[in-house]
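What follows is each chain in one-letter form.
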Amino acid sequence: MAPEEQTPGGGADEAADDTRGPAFLGVLHTGDCRIRGRALPIGEGVCIGRVEGADVSLAIDDRLLSRRHATIMPVSGSPLCEVIDHDSRNGSYVDGERVRRCRAAPGAVIRLGVSLFVLTTDGSEQEAAAAGYGEDRDAFLGTSEPFRRLCQELELAAKKSTPVLLVGEPGSGKSMSASHLHRLRGNSGSLVMVTCGSGARLRPVDLLGGVDPEHAGEAPLEGFLAMAGGGSLLLDEIDLLDPGLQGPLLEILRAGRYRPVGSEEDRPLAAFVVASTSANTEAAVEAGVFSRELAEVFGDAIEVPSLHQRQTDIPLLGQHFLHLEEPRRRLDWSVTFLEKLLLYDWPQNVRELRTVM
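Residues numbered from 1 in each chain as written. Predicted model: local features only at pLDDT ≥ 70, side-chain atom pairs only at ≥ 80, totals over all residues. Heavy atoms only, no water.

S.K.: Even after reading the chapter, I still don't get the overall build of the protein, so can you show me in this structure?
M.R.: Across its full length, the protein holds 11 helices and 20 strands. Taken across its 357 residues, the protein has 48% of its residues classed as buried. In the protein, of all internal contacts separated by at least 6 residues, the share reaching a separation of at least 24 is 63%. Surface exposure of the protein reaches about 17,900 Å², of which carbon and sulfur atoms provide 47%. (Helix = DSSP H or I, 4+ residues; strand = E, 2+ residues; numbered from the N terminus. Buried < 20%, exposed > 50% of the residue type's maximum accessible area, 1.4 Å probe, protein only. Contact = heavy atoms within 4.5 Å. Areas by Shrake-Rupley, 256 points an atom, 1.4 Å probe, with all protein chains shown as cover.)

S.K.: Mind showing me how you'd approach the sheet that holds strand β5 (residues 70-74) here?
M.R.: Strands pair in a sheet through their backbones, by hydrogen bonds, and they do so in one of two ways: parallel or antiparallel. On the basis of which strands lie adjacent, the open sheet formed by 5 strands has the order β4-β3-β5-β6-β9 and mixed pairing. This sheet does not close on itself; its edge strands, each paired only once, are β4 (58-59) and β9 (101-104). (Pairing = 2+ DSSP bridges.)

S.K.: Help me out: how do you make sense of the nonpolar core in this one?
M.R.: The biggest cluster of nonpolar side chains holds 28 residues, and the ones touching the most others in it are Leu233, Leu235 and Ile238. Only β15 (191-195), α4 (204-208), β16 (232-236), α6 (243-255), β19 (272-277), α7 (281-286) and α8 (292-297) provide two or more residues apiece to this core. Ranked by residues supplied to this core, first place goes to α6 with 5 residues. Residues within four places of Ile238 in sequence aside, it is in contact with Leu165, Cys196, Leu249, Ala275, Ser276, Thr277 and Phe290. Core analysis: the second largest hydrophobic core is formed by 23 residues, Ile60, Ile72, Val94 and Ala108 among them. (Core = buried A, V, L, I, M, F, W, Y, C linked by side-chain atoms within 4.5 Å.)

S.K.: How should the packing of helix α2 (residues 145-158) against helix α3 (residues 174-185) be read in this particular structure?
M.R.: Helix packing for two helices is described by the angle between their axes and how far apart those axes are. At a minimum axis separation of 9 Å, α2 and α3 run at an interaxial angle of 45°. As summarised for this structure, α2 and α3 are arranged oblique, according to the angle between their axes. In this structure, α2 crosses over α3, and the sense of that crossing is right-handed. Contacts between α2 and α3 involve Leu150, Leu154, Glu155, Ala157 and Ala158 from the former and Ser177, His180, Leu181, Leu184 and Arg185 from the latter. For the contact of α2 with α3, the per-class residue count stands at 6 nonpolar, 2 polar and 2 charged. (Axes fitted to C-alpha atoms, helices over the stretch in contact; angles between N-to-C directions. Parallel < 35°, antiparallel > 145°, perpendicular 65-115°, else oblique. Left-handed = near helix turned anticlockwise from the far one by under 90°. Nonpolar A, V, L, I, M, F, W, Y, C, P; charged D, E, K, R; others polar.)

S.K.: Got a minute to help me understand the sheet that holds strand β1 (residues 24-29) in this structure?
M.R.: Spatially, β2-β1-β11-β10-β7-β8 is the arrangement adopted by the 6 strands of the open sheet, whose pairing is antiparallel. Of all strands in the sheet, those with a lone pairing partner are β2 (39-41) and β8 (97-99), marking the two edges. Going from strand to strand, the sheet's axes swing by 35° on average, the running direction of each strand aside. Summarising the sheet, strand β7 (residues 92-94) and β8 pair through 3 bridges and their orientation is antiparallel. By the bridge assignment for β8, Tyr93 is matched with Arg98. In the packing of helix α10 (residues 335-343) onto the sheet, the strands contacted are β1, β7, β10 (109-112) and β11 (115-120), and the crossing angle to β10 comes to about 170°.

S.K.: What am I meant to see in the pattern of salt bridges here?
M.R.: Side-chain pairs of opposite charge can arise where the charged atoms are in close proximity. Counting across every chain of the model gives 13 salt bridges. Of the charged contacts in the structure, one is a salt bridge between Arg292 and Glu286, with a shortest N-O distance of 3.0 Å. Given the relative accessible area of 35%, Arg292 is considered partly exposed. Judged by relative accessible area, which is 57%, Glu286 ranks as exposed. (Salt bridge = Lys/Arg side-chain N within 4 Å of Asp/Glu carboxyl O.)

S.K.: I would appreciate a short explanation of the side chain of Thr71 in the present structure.
M.R.: Looking at the element boundaries, Thr71 is found in strand β5. One polar contact links Thr71 to His86, side chain to side chain, over a distance of 2.7 Å. Once residues lying within four places of it in the same chain are set aside, the contact partners of Thr71 are Val46, Cys47, Glu82, Val83, Ile84 and His86. (Polar contact = N/O pair within 3.5 Å; in protein donor to acceptor, adjacent residues only side chain to side chain.)

S.K.: Teacher, can you tell me more about the environment of Phe290 here?
M.R.: For Phe290, the position within the fold is in the loop between α7 and α8. The spatial distance from the C-alpha of Phe290 to the C-alpha of Leu241 is 7.9 Å, given a sequence separation of 49 residues. For Phe290, the residues in contact, after removing those within four places along its chain, are Ile238, Asp239, Gln246, Ala284, Val285 and Ala295.

S.K.: Looking at this structure, I do not really get helix α11 (residues 349-356). What am I missing?
M.R.: An α-helical segment advances 3.6 residues per turn. Residues three or four places apart therefore align on the same side. Three or more residues of α11 are buried, namely Asn349, Val350, Glu352 and Leu353. Take α11 and look down its axis: the buried residues cluster within an arc of 160°, on one side only. When the buried face of α11 is taken as reference, the exposed residues oriented beyond 90 degrees from it are Arg351 and Thr355. (Arc of directions from axis to C-beta.)

S.K.: Teacher, can you tell me more about the environment of Cys81 here?
M.R.: The residue Cys81 is located in strand β6 (residues 81-85) in this model. By relative accessible area, Cys81 is classed as buried at 1%. Residues Cys81 and Ala104 lie 23 residues apart in sequence; the distance between their C-alpha atoms is 5.3 Å. In this structure, Cys81 is in contact with Pro22, Ile42, Ile72, Met73, Pro74, Val75, Cys102, Arg103, Ala104 and Leu119, ignoring residues within four places of it in sequence.

S.K.: I'm lost on helix α9 (residues 314-325) in this one. Help?
M.R.: Given a rise of 1.5 Å per residue, 12 residues ought to cover 16 Å, and the 17 Å separating the end C-alpha atoms of α9 matches this to within 8%. Those residues of α9 lying buried are Ile314, Pro315, Leu317, Gly318, His320, Phe321 and Leu322. Contacts made by the buried residues of α9 are with β13 (141-142), α10 and α11. (Expected span 1.5 Å × (residues − 1).)

These figures come from the coordinates and say nothing about function on their own.
Okay, here's the thing in structure tokens:
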């Protein structure tokens with residue numbers, strides 16, 4: 001495809017489904033502190049260069065920019081923007097490829113000199129106070145629009161008593177989201193995390209507590225529900241919960257009470273229940289491996305966005321992970337290194353970014 005016909009940032013067909021055009025240039029990296037972290041309006045078009053003048057509406061202190069480097073302008077009647085290079089010495093790059101003239105969709109990464117931008121519909125400033133939670137704040141951190149939307153949904157869920165289902169790709173931060181939800185509720189108890197899938201099979205006595213039928217005569221087990229009393233219980237990979245436990249869990253959530261194994265007395269459910277899954281729960285229901293009634297008890301799921309959806313959070317998260325490993329060192333990134341991080345797909349999401357860092 002010729003440079004003049006390229007449509008980076010998702011392609012023309014994908015972008016056509018979005019009625020909103022990329023109205024802002026998010027500044028991800030630059031040596032010019034005046035615009036670092038800003039969301040710059042594109043308006044009718046913005047001409048970028050090193051020296052402000054009649055033809056340059058945005059002058060950036062960047063020695064690798066030409067006096068009049070490139071223009072970015074919206075395409076009429078389209079959600080795309082056009083990137084036009086003005087025969088600059090060091091070139092204009094869109095999603096890693098040097099271009100003379102091309103159309104770009106929201107999410108496209110533009111490199112001009114040592115300055116890096118992303119086309120976005122989000123007009124918030126990227127240096128706004130980032131939300132960070134957890135003992136080491138290792139993953140629940142961000143300023144992007146999808147991350148802020150997740151925070152808002154968790155805040156609403158924290159005000160209710162109904163169980164919550166978190167859905168997201170592996171490594172996207174579902175456990176950290178559950179930790180944040182637990183913290184928002186301000187409960188005095190602990191957050192107890194239980195994996196329903198891989199490893200040892202979850203038994204009724206593990207969940208309910210009471211007399212362990214495999215070790216009769218020993219002291220009764222406490223059970224995860226009791227351990228999470230006054231706090232929260234996270235059931236990870238809920239779609240893999242043993243079918244024999246799905247019915248009892250459904251009744252517990254409906255009644256708000258449970259009975260330990262071997263006991264004749266019910267106990268109140270004092271734990272706030274959160275479940276998480278990487279699967280399509282509707283598909284699991286259709287396959288007959290997950291109870292539709294149990295799925296309905298959790299109501300509308302909260303989506304934990306993938307790292308690809310949180311593209312503008314990558315620099316913030318990456319720097320944070322590096323700081324955790326080398327707190328006394330200052331590690332400056334080159335624009336090309338950051339560009340590669342932004343253009344990678346991150347199939348394992350935040351977990352993979354931390355491993356790479």
